[in-house]
Amino acid sequence: MVKLEDVADTLLNSAHTVHTRPASTYKPLSTYKLDKGRSYQQQYGDMYFLRLTKIRPAVEEVAEAEWSGTVVAGEEAKRVDRVLDVKQGELCWVVGTVFMAMPLKPDILEDVSKDRWISAPVVPEKYFSNLEENEIMLEDDSGRIRLAGDLLKTVDLVTGCIIAVMGTENTNGELEIVDIQLPNLPPQPERWKLTKPVRKDDDEEMVDSSQSPGSKIAIVSGLSFSASDASHALELNLLLEYLLGEALGPQGQSDVSQISRLIIAGDSIDAAQADEQPEKRGAKKYGYDASAYNALPSQLFDEFLSELLPTIPVTLMPGAQDPANASYPQQPIHAAIFPTARAYAQVPGSKEPGWFDTTTNPWEAEVDGWRMLGTGGQNVDDVFKYVESEDRLSMMEAMCRWRCCAPTAPDTLWSYPFQDDDPFVIKTCPHLYFVGNQPEFGTRVIHGPDDQSVRLITVPSFSHSKEVVIVDTETLDIPLSLRKYGERDAYLMSNPLEILLNHHRHPSEGLG
């Protein structure tokens, strides 16, 4: 006969493992923050001249090293300082800003001259049509010259990138180029440049943080919380349970407990759904109907964050669909949107970031010693329109080698008209560069001339792919865990519905 006391004693003394997450060393940078009193009355053209001034020395250094003493057909290439100094028949090289004249690209002057201002123009999926119709020009503060040559068919260029070209002017007044040089990757800092990988133990001795091996970072984008679209609501709940450790067995909980930070890379709220409301008759005050706004998507997102934040720090970037300014760089989403989650935000007056860090887009920080650069995807989406290629990782690599994370701003990517500095110029080479809201997952490692190494990641939209990317903070690898994609070791929650429902669930054994 079993006594009640024996049963109670057995239940109270049953083995139960409590998993704890490793601490996340985190230092966000204010590279893309704007002053609250900013003005939009200045000219946008100054940005390109400012960018040319910033990047020109790096391009000239690369071009000088590559072309110094170069002889073609018995003529030695010489450097000219300005585009208008190029002379017909003389071999020379010059540095300038690329400008793409494309028939499908929006042109505000043409729209105004043809009275197209009445309705918004239709933006095509791509500005690129064919090489014969596109005009590629190089300009500086002196003027502009058209580029020509078969080499242009093998190199992807967009408006706003700074390059050096070598060639001769032909009889048509075009610069027939034979070679192109890029600035290449900027200097890369060592790991733990801004933060320290140490902590104090009970004896006040400094100990390496590697005592907590296997720390990882989760990156997700395109959560798209909606008021009416429930097509991926189950997957959102499964993602929440996965990150909390409530949807996996003991081994799975042990693995998930190593995720030290969640980064949300934009498009967390479905903007189209946020503005949908049944039609109501009545007078509008000042031409605006406040009842047309639907707060349910932001409320659902706030509940999602408030459940996560007690156990894991969250970095939130705005995206194209989020309630933030539309122009680049997007500023942090206002804390009023998150009445519950903002309790974990930065304490007013404190220099230390809170567990809930609403940041800019683009975003730059040092996380666990690695310099990271991330965007919500608008920069890559805009570059995608200029080129024939579909390879978005190559576009990200090109931005790194151009030393500019948003070269098409402000031409076709809305941007603030900077006057004193162009923050889109990449001054410090990141160790990890990720872009959110892309069609599919992809990763690649690129290398620079001075032993730089950059991990590139395209983060797919969760609402379409149901995927979240996990990065190992010791190696920046994407280690194999839940599923293997061919020859790529991908740590992805490829199909959370399929994966999580095939694990034993222990709701009472969540992460503390």
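What counts, and where the lines are drawn
Residues numbered from 1 in each chain as written. Predicted model: local features only at pLDDT ≥ 70, side-chain atom pairs only at ≥ 80, totals over all residues. Heavy atoms only, no water. Helix = DSSP H or I, 4+ residues; strand = E, 2+ residues; numbered from the N terminus. Buried < 20%, exposed > 50% of the residue type's maximum accessible area, 1.4 Å probe, protein only. Contact = heavy atoms within 4.5 Å. Areas by Shrake-Rupley, 256 points an atom, 1.4 Å probe, with all protein chains shown as cover. 1 Å grid on protein atoms, 1.4 Å probe; cavity = no way out; pocket = protein on both sides within 12 Å on 5 of 7 lines; lining within 4 Å. Points joined across faces, edges and corners; volume = space filled by probe spheres on them. Nonpolar A, V, L, I, M, F, W, Y, C, P; charged D, E, K, R; others polar. Patch = residues over 30% accessible without salt bridge, like charges linked within 9 Å, V, L, I, M, F, W, Y side chains within 5 Å. Salt bridge = Lys/Arg side-chain N within 4 Å of Asp/Glu carboxyl O. Lys, Arg positive; Asp, Glu negative; His and termini not counted. Charge placed at Lys NZ, Arg CZ, Asp CG, Glu CD. Polar contact = N/O pair within 3.5 Å; in protein donor to acceptor, adjacent residues only side chain to side chain. Phe/Tyr/Trp six-rings, centres within 6.5 Å; stacked < 30°, edge-to-face > 60°. Core = buried A, V, L, I, M, F, W, Y, C linked by side-chain atoms within 4.5 Å. Domains from an automatic or database assignment.

Engineer: Looking at this structure, how should I read the overall build of the chain?
Structural biologist: The helix and strand inventory of the chain stands at 11 helices and 21 strands. For the chain, the residues scored as buried account for 50% of the 512 residues in total. Put simply, 73% of the contacts in the chain that link residues at least 6 apart link residues at least 24 apart. When the accessible surface of the chain is totalled, it reaches about 25500 Å², and 50% of it is carbon and sulfur.

Engineer: Can you help me understand unusual backbone geometry in this one?
Structural biologist: Glycine aside, a negative phi is what most residues show, and trans is what most peptide bonds show. Look at the link from Tyr328 to Pro329: it is a cis peptide, with omega at -10 degrees. Here Pro329 lies in the loop between strand 14 (314–317) and strand 15 (356–358). Backbone torsion omega between Ala409 and Pro410 reads 10 degrees, so that peptide bond is classified as cis. Looking at the element boundaries, Pro410 is found in the loop between helix 9 (392–402) and strand 18 (432–438). For Asn184, which is not glycine, the phi torsion reads 65 degrees and is therefore positive.

Engineer: I'm lost on empty space enclosed by the protein in this one. Help?
Structural biologist: Unfilled space is identified by rolling a water-sized probe across the atoms. Counted under the stated rule, the structure contains one cavity of 30 Å³ or more. Here the largest cavity defines a volume of roughly 30 Å³. Every residue along the wall of the largest cavity is listed here: Arg56, Glu60, Arg79, Val80, Asp81, Trp93, Val94 and Val95. Listing elements by their share of the lining of the largest cavity, those giving two or more residues are helix 2 (45–67) and strand 5 (92–101). When residues in the lining of the largest cavity are grouped by element, the largest group, three residues, is from strand 5. When grouped by side-chain class, the residues that make up the lining of the largest cavity number four nonpolar, no polar and four charged.

Engineer: How do you make sense of a negative patch on the surface when you look at a structure like this?
Structural biologist: A contiguous patch of negative charge on the surface is contributed by Glu125, Asp156, Glu388 and Glu390. Secondary-structure assignment places Glu125 in the loop between helix 3 (108–113) and strand 6 (135–139). Residue Glu125 is classed as exposed on the basis of its relative accessible area, which comes to 66%.

Engineer: For this particular structure, what's the right way to read helix 9?
Structural biologist: The α-helix winds at 3.6 residues per turn, so residues separated by three or four positions along the chain end up facing the same way. Counted residue by residue, helix 9 has nine buried out of 11 residues, so it is predominantly covered. Considered for burial, the residues of helix 9 that qualify are Arg392, Leu393, Met395, Met396, Ala398, Met399, Cys400, Arg401 and Trp402. In the core, the buried residues of helix 9 are packed alongside helix 2, helix 8 (378–384), strand 18, strand 19 (442–447) and strand 20 (453–460). The backbone nitrogen of Leu393 has a side-chain oxygen 3.2 Å away, supplied by the residue at the start of helix 9, namely Asp391. Looking one or two places after helix 9, you find Arg403, whose phi comes out positive at around 60 degrees.

Engineer: Please explain the packing of aromatic side chains as it appears in this structure.
Structural biologist: Any two aromatic rings considered together are summarised by their centre-to-centre distance and by the angle between their planes. Across all of its chains, the model carries 12 aromatic pairs by this definition. Ring centres of Trp363 and Phe434 lie 6.0 Å apart, and the angle between their planes is 50 degrees; this geometry places the pair in the tilted category. One end of the pair, Trp363, is in strand 16 (residues 363–367); the other, Phe434, is in strand 18, with 71 residues separating them in the sequence. Judged by its relative accessible area of 1%, Trp363 falls in the buried class. Taken together, a centroid distance of 5.9 Å and an interplanar angle of 90 degrees make the contact between Phe418 and Phe424 edge-to-face.

Engineer: Looking at this structure, I do not really get the layout of surface pockets. What am I missing?
Structural biologist: If you add up the space inside the second largest pocket, you get close to 850 Å³. Taken together, 26 residues form the lining of the second largest pocket, with Lys33, Pro332, Gln346, Asp357 and Thr358 sitting closest to its centre. Residue assignment for the lining of the second largest pocket shows that the elements contributing at least two residues are strand 1 (26–28), strand 15 and strand 16. Here the lining of the second largest pocket takes three residues from strand 15, the largest share from any one element.

Engineer: Could you clarify how one ought to interpret the side chain of Ser226 in this entry?
Structural biologist: If you trace the backbone, Ser226 turns up in the loop between strand 12 (216–220) and helix 4 (233–244). On the accessibility criterion, Ser226 (10% relative accessible area) is buried.

Engineer: I'm lost on the nonpolar core in this one. Help?
Structural biologist: Looking at soluble globular proteins, one finds that nonpolar side chains tend to be buried together. Grouped together as the largest cluster of nonpolar side chains are 56 residues, with contacts concentrated most on Val165, Phe424 and Tyr433. The element that contributes the greatest number of residues to this core is helix 9, accounting for seven residues. When residues of this core are assigned to domains, at least three fall in each of domain 1 (4–30 + 187–271 + 294–509) and domain 2 (45–181). Those residues in contact with Tyr433 that sit more than four places away from it in its chain are Leu373, Thr375, Asn379, Met396, Met399, Cys400, Cys405, Val454, Arg455, Leu456 and Ile457. Judged by nonpolar contacts, the second largest core, of 31 residues, contains Ala218, Ile259, Leu262 and Phe301.

Engineer: Would you mind going over the pattern of salt bridges with me for this structure?
Structural biologist: Close approach of charged atoms allows side chains with opposite charge to pair. Applying the stated criterion to the full structure yields 20 salt bridges. Note that Glu60 and Arg79 form a salt bridge whose closest N and O atoms lie 2.8 Å from each other. Placement of Glu60 in helix 2 and of Arg79 in strand 4 (residues 78–79) is noted, with a sequence separation of 19 residues between them. For Asp411, the salt bridge identified is with Lys105, shortest N-O distance 2.9 Å. Within this pair, whereas Asp411 is found in the loop between helix 9 and strand 18, its partner Lys105 is found in the loop between strand 5 and helix 3, the two being separated by 306 residues in sequence. Under the relative-accessibility criterion, Lys105 is labelled buried at 8%. When salt bridges that share partners are traced, they join Arg56, Glu60, Arg79 and Asp81 into one network.

Engineer: Explain the environment of Gly96 here, please?
Structural biologist: Locating Gly96 in the fold gives a position in strand 5. For Gly96, a relative accessible area of 0% puts it in the buried group. Each C-alpha atom, one on Gly96 and one on Ala164, is 6.5 Å from the other, the two residues being 68 residues apart in sequence. Apart from residues lying up to four places away in sequence, Gly96 is in contact with Leu52, Leu138, Glu139, Cys161, Ile162 and Ile163.

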